[in-house]
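# Understanding the architecture of this molecule
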Amino acid sequence: MDSNVARNAGLILSPLTTGDCAAAAARAAAACLLFRIDYEFVTIKHQGGNSRTISVYKVEDDCDEKHAHFYAIMEGGAAPDIRERAEIHVDVAKITDFRKVDDSVHVDTRYGNLFIKGGEGIGVAFDGVPGIKRGEALIEKEARNMIFESVANVCETADGAQLLLITVSCPEGMMIAAKQTVGQSAFAGGITIMGECGTVSQVHQRDIVGSIENQIEKQMAMGVNNLIISPGNYCADDVYRNLHVSLNTSIYCFNFPGFAIDAAVNAGIESILLVGNAGKLVKLAAGIMNTNSYASDGRREIFAAHTAIVGGTSSQVRTVMACVTVDEILSLLDTWGLRERVMASIMNEIDRAVENRCHGKLKFGVALFSEAFGLLGTTKNTRNVIIKVSQDQYALSLKLK
């Protein structure tokens, strides 16, 4: 709501700060990057119960598989405020090379996977700025806490392991700072991001389901009736090398393959090819359709049970149960000469679980991969499904060029 309209109507709005804008844009960018969700509004709740719903805007040209860029407009602050109508931009990017993360970033031990830095129009501290070291961006502690938490909440829904660089900027920042005379000896380069700490709710499952449904609807609108579905871009090279299909056009189901199957059935899709890392999709063998580690696990139990089913010894079963990672389990099974039999048994259970989920209303194939071992196994109808899926997805890739 426009601040002037609100005041004329006699409404009292919670004060808006640059920190609020940055946190809202960060939340939207993280959700877009990790879940392909495009938020238009983000609500921030402050201590005392005051809240503010902030409009956020996507910068389409700066959004892809590696980063997402949103901004919010600073309006309705405590007048007079020279930052009124300034755009507070936030880019959230996946970190693939730590050498590109410089020493000036803000860190917080509570969020070991997240780093904040200042971009264009954000001031840099020289000295004498409480809570900010020399050379760091002028993003005050309370505002940093709010930005960290807003992104961390999104990461938690996505399993929380993503290494992300959060860049806050303000294109008009240097011009605004030039009008400000107080404190110029302590900093230079732009404005300060400030504000009291507030909270942003976690991404809701319905938003993720909506993202999956939207992805399917967009492909169907382009004539696609056979989908490739994956939790993410895991093992993309192995998938292409073994199945000759690309994950570039895949529907991302994130941690919710069950919802993706439901959405495909409801949309009348003919067939789906579900591919991904064994650490996620092996859980399907136990009927687990929400693969988020915070919601469920069962990986060791699944491998241990199927090791016993194919004739493994009690000692081998106990050893599997003591493992930490799936690749560790696979390495042991390989050493014992049991990997192929165990994976065949697991794939049979996955086939049964997916069949139960879709009630026979679509054709499907499932393929599991490991970065260390490549293709681990497929369900019985996978090869037939690949033919239809590869044709549709190749045609789609040509249309998207």
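That block above? That's the structure.
All values reported here derive from a predicted model rather than from experimental measurement.

Rules behind the numbers
Residues numbered from 1 in each chain as written. Predicted model: local features only at pLDDT ≥ 70, side-chain atom pairs only at ≥ 80, totals over all residues. Heavy atoms only, no water. Helix = DSSP H or I, 4+ residues; strand = E, 2+ residues; numbered from the N terminus. Buried < 20%, exposed > 50% of the residue type's maximum accessible area, 1.4 Å probe, protein only. Pairing = 2+ DSSP bridges. Contact = heavy atoms within 4.5 Å. Axes fitted to C-alpha atoms, helices over the stretch in contact; angles between N-to-C directions. Disulfide = S-S within 2.5 Å. Parallel < 35°, antiparallel > 145°, perpendicular 65-115°, else oblique. Left-handed = near helix turned anticlockwise from the far one by under 90°. Nonpolar A, V, L, I, M, F, W, Y, C, P; charged D, E, K, R; others polar. Phe/Tyr/Trp six-rings, centres within 6.5 Å; stacked < 30°, edge-to-face > 60°. Lys NZ or Arg CZ within 6 Å of the ring centre and 35° of its normal. Polar contact = N/O pair within 3.5 Å; in protein donor to acceptor, adjacent residues only side chain to side chain.

## Overview of the environment of T192
Note that T192 resides in the loop between β8 (187–188) and β9 (198–199). A relative accessible area of 14% places T192 in the buried class.

## What about the environment of A322?
Take A322: it is sitting in the loop between α10 (314–321) and α11 (326–336). Accessibility expressed as a relative area gives 59% for A322, which makes it exposed. In this structure the C-alpha to C-alpha distance between A322 and A304, which are 18 residues apart in sequence, comes to 9.8 Å.

## Things to note about the sheet that holds strand β5 (residues 114–118)
Taken together, seven strands build an open sheet; the order of strands is β5-β7-β4-β3-β2-β1-β9 and the sheet is mixed. The open sheet is flanked by β5 and β9, the only strands paired with a single partner. Note: strand β1 (residues 41–46) against strand β2 (residues 51–58), five bridges, orientation antiparallel. Of the residues in β2, the one forming a bridge with F41 is S55. Contacting β1, β2, β3 (67–73), β4 (87–94) and β7 (164–169), helix α2 (residues 18–35) runs over the sheet at an angle of about 35 degrees to β4. In this fold helix α3 (residues 141–157) packs onto β1, β5, β7 and β9, with an angle of close to 140 degrees to the strand it touches most, β5.

## With respect to the state of the cysteines
One covalent bond between the sulfur atoms of two cysteine residues makes up a disulfide. Going through the model one piece at a time under the given rule, you end up with zero disulfides. Lacking any disulfide linkage, C253 is separated from the closest cysteine sulfur, that of C235, by 14 Å. Judged by relative accessible area, which is 0%, C253 ranks as buried. C358 forms no disulfide, and the closest cysteine sulfur to it belongs to C253, at a distance of 15 Å.

## With respect to the packing of helix α9 (residues 299–309) against α11
In contact at an axis separation of 10 Å, α9 and α11 are set at 15 degrees when each is read in the N-to-C sense. By the criterion of interaxial angle, the relationship of α9 to α11 is roughly parallel. With respect to the hand of their crossing, α9 and α11 are arranged in right-handed fashion. In contact with R299, R300, F303 and T307 of α9, α11 contributes V326, I329, L330 and L333. Split by residue class, the contact of α9 with α11 holds five nonpolar, one polar and two charged.

## A closer look at the sheet that holds strand β11 (residues 251–252)
Spatial strand order, β11-β10-β12-β13-β14: five strands in an open sheet with mixed pairing. Two strands bound the open sheet, and with one partner strand each, they are β11 and β14 (374–378). Both strand β12 (residues 271–277) and strand β13 (residues 363–370) contribute to a ladder of seven bridges, which runs parallel. Note on β13: the bridge partner recorded for L274 is V366.

## A word on the pairing of β4
Taking burial as the measure, the eight residues of β4 include six buried ones, the bulk of the element. Across six bridges, the pairing between β4 and β7 is antiparallel. Bridging across to β7, V92 finds its partner in I166.

## Remarks on the packing of aromatic side chains
Tallying each qualifying case throughout the model produces six aromatic pairs. Ring geometry for F98 versus F115: centroids 5.9 Å apart, planes at 80 degrees, classification edge-to-face. One end of the pair, F98, is in the loop between β4 and β5; the other, F115, is in strand β5, and 17 residues separate them in sequence. Judged by relative accessible area, F98 falls into the partly exposed class, the value being 47%. F115 sits in the buried class, given a relative accessible area of 11%. Seen from their ring centres, Y111 and F148 are 5.5 Å apart, and the 20 degrees between their planes marks the pair as stacked. In this pair, Y111 is assigned in the loop between β4 and β5 and F148 in helix α3, connecting sequence segments 37 residues apart. Taking relative accessible area as the criterion, F148 reaches 1% and is therefore assigned buried. Members of the aromatic cluster, each reached through a chain of ring pairs, are F35, Y252 and F254. Between R27 and the ring centre of Y39, over which it is positioned, the NZ or CZ distance is 4.8 Å. Looking at R36, its charged tip hangs above the ring of Y252, at a distance of 3.8 Å from the centre.

## Re unusual backbone geometry
The residue R36 is not glycine, and still its phi comes out positive at about 55 degrees. Mapped onto the elements of the fold, R36 is located in the loop between α2 and β1. Overall, R36 belongs to the partly exposed group, its relative accessible area being 27%. Backbone geometry places H244, a non-glycine residue, at a positive phi of 60 degrees. Mapping H244 onto the fold places it in the loop between α6 (236–243) and β11.

## Structural notes on the environment of Q202
Here Q202 lies in the loop between β9 and α5 (205–221). Looking at Q202, the relative accessible area reads 37%, which means it is partly exposed. For Q202 and A31, which are 171 residues apart along the polypeptide, the C-alpha to C-alpha distance reads 9.8 Å. For Q202, the contacting residues outside a window of four places in its chain are R27, N153, E156 and T157. A distance of 3.2 Å separates polar atoms of two side chains, one belonging to Q202 and the other to E156.

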